[in-house]
Amino acid sequence: GDSVTQTEGPVTVSESESLIINCTYSATSIAYPNLFWYVRYPGEGLQLLLKVITAGQKGSSRGFEATYNKETTSFHLQKASVQESDSAVYYCALGDRTNYNVLYFGSGTKLTVEP
Amino acid sequence: GPKVLQIPSHQIIDMGQMVTLNCDPVSNHLYFYWYKQILGQQMEFLVNFYNGKVMEKSKLFKDQFSVERPDGSYFTLKIQPTALEDSAVYFCASSLGGAGAETLYFGSGTRLTVL
């Protein structure tokens, strides 16, 4: 089926360290997958961090980057130097551009950045 | 940024009762969604809604579920009657367009506890 697997949390890193949260997807019934990272900061609703709709392209936002790799079916989230304000829950999601924004979410990775 | 409001944040009801979850979407958005997250599991798509109609629904969207936007403002999810397995956090979302790469704006969720 269509699904997303991401790094199990929680993940704790120190401020200014680098971060990678792994995400792999399975798109067996989706001809044209779109890939997203959403983030939930404490007390807030889920919000889009970045998205990529074309294989081989990279998306970036707020210092985070993710590359849509069709060969390895991956969309890992990376940041070179995290800040305390990056503490949140991160969700990788797979979408079908032909299917009215139905999204398949990963289980979420809770990130805590220590000062 | 644009906000989706969900009221209340937590609702407790007895099994068999009816419950209505309310969502105030972003004002100019045309597409509306409900997602369900059972504790410890992934967020899963329930239904999307456009122009007064359900466009897509998942197998989780049981016959006891219904959605509507009666006055053009609040988007509601009604469950009648409720069952124990309906206990979950329900997230409302909205988007301007319906194509598969649209950004969805999510509310903070309503935690439903069915006793």
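Presented here is a report on the structure given in the accompanying data block. (Residues numbered from 1 in each chain as written. Chains lettered and ligands numbered in written order. Predicted model: local features only at pLDDT ≥ 70, side-chain atom pairs only at ≥ 80, totals over all residues. Heavy atoms only, no water.)

Looking now at the overall build of chain A. Tallying secondary structure elements over chain A gives zero helices and 12 strands in all. Along the chain direction, N to C, the helices and strands of chain A fall in the order β-β-β-β-β-β-β-β-β-β-β-β. Computed over C-alpha atoms, the radius of gyration of chain A comes to 14 Å, within 12% of the 13 Å expected from 2.2 N^0.38 for 115 residues, which places it in the range of a compact globule. Across chain A, contacts joining residues at least 24 apart in sequence account for 56% of those joining residues at least 6 apart. By element, 46% of the accessible surface of chain A is carried by carbon and sulfur atoms, the whole surface being about 5300 Å². Separation between the mean location of the 8 positive side-chain charges and that of the 11 negative ones in chain A comes to 8 Å. (Helix = DSSP H or I, 4+ residues; strand = E, 2+ residues; numbered from the N terminus. Rg over C-alpha atoms; globule rule 2.2 N^0.38 Å. Contact = heavy atoms within 4.5 Å. Areas by Shrake-Rupley, 256 points an atom, 1.4 Å probe, with all protein chains shown as cover. Lys, Arg positive; Asp, Glu negative; His and termini not counted. Charge placed at Lys NZ, Arg CZ, Asp CG, Glu CD.)

Turning our attention to the interface of chain B and chain A. The partner chain A presents 23 residues to the 23 residues of chain B that form the contact. Between chain B and chain A lies a buried interface of about 1900 Å² when both sides are counted; carbon and sulfur atoms form 51% of it. Between the two partners, chain B and chain A, sit zero salt bridges. For the side of chain B that touches chain A, the elements supplying multiple residues, two or more each, are strand 4 (31-37), strand 5 (43-50), strand 6 (53-57) and strand 9 (88-95) of chain B. (Buried area = accessible area lost by both parts, 1.4 Å probe. Salt bridge = Lys/Arg side-chain N within 4 Å of Asp/Glu carboxyl O.)

Residues and elements named next belong to chain A. Considering all chains together, one arrives at two disulfides over all chains under this definition. Disulfide pairing places C23 opposite C92 at an S-S distance of 1.9 Å. Measuring the twist about the S-S bond at about -65 degrees, one finds the C23-C92 disulfide to be left-handed. Placement of the pair is C23 in strand 4 (residues 23-27) and C92 in strand 10 (residues 88-96), with a sequence separation of 69 residues. Both residues of the pair, C23 and C92, count as buried. (Disulfide = S-S within 2.5 Å. Buried < 20%, exposed > 50% of the residue type's maximum accessible area, 1.4 Å probe, protein only.)

What follows concerns the side chain of T110(B). The topology assignment puts T110(B) in strand 11 (residues 110-114). Once you skip the residues sitting within four places of it in the chain, T110(B) turns out to touch Q6(B), I7(B), P8(B), S9(B), H10(B), L21(B), A88(B), V89(B) and Y90(B).

Our next topic: the sheet that holds strand 8 (residues 64-67) of chain A. Residues and elements named next belong to chain A. Taken in spatial order, the four strands of this open sheet run 3-9-8-7, and their pairing is antiparallel. Of all strands in the sheet, those with a lone pairing partner are strand 3 (19-21) and strand 7 (58-61), marking the two edges. The average angle at which neighbouring strand axes cross in this sheet is 20 degrees, direction not considered. (Pairing = 2+ DSSP bridges. Axes fitted to C-alpha atoms, helices over the stretch in contact; angles between N-to-C directions.)

Let's shift gears to the environment of I79(B). Along the chain, I79(B) turns up in strand 8 (residues 75-79). Contact partners of I79(B), with chain neighbours within four places excluded, come to Q17(B), M18(B), V19(B), Q64(B), F65(B), D86(B), Y90(B) and L112(B).

Take unusual backbone geometry next. In this structure, P10(A) follows G9(A) across a cis peptide bond, with omega equal to -10 degrees. Mapped onto the elements of the fold, P10(A) is located in the loop between strand 1 (2-6) and strand 2 (11-14). The linkage connecting I7(B) with the following residue, P8(B), adopts the cis geometry, with an omega of -5 degrees. Looking at the element boundaries, P8(B) is found in the loop between strand 1 (5-7) and strand 2 (10-13). The phi torsion at R62(A) lies on the positive side, around 50 degrees, for a residue other than glycine. Relative to the elements of secondary structure, R62(A) occurs in the loop between strand 7 and strand 8. By relative accessible area, R62(A) is classed as partly exposed at 42%.

Per the stated rule, a full pass over the model turns up three salt bridges over all chains. One salt bridge in this structure joins K79(A) and D86(A), with 2.8 Å as the shortest N-O distance. When its relative accessible area of 8% is taken as the criterion, K79(A) is described as buried. Across the salt bridge formed by K62(B) and D86(B), the nearest N and O atoms sit 2.9 Å from each other. A residue pair is termed long-range when its members are at least 10 positions apart, and K62(B) in the loop between strand 6 and strand 7 (65-68) and D86(B) in the loop between strand 8 and strand 9 qualify at 24 residues. Since its relative accessible area comes to 0%, D86(B) is described here as buried.

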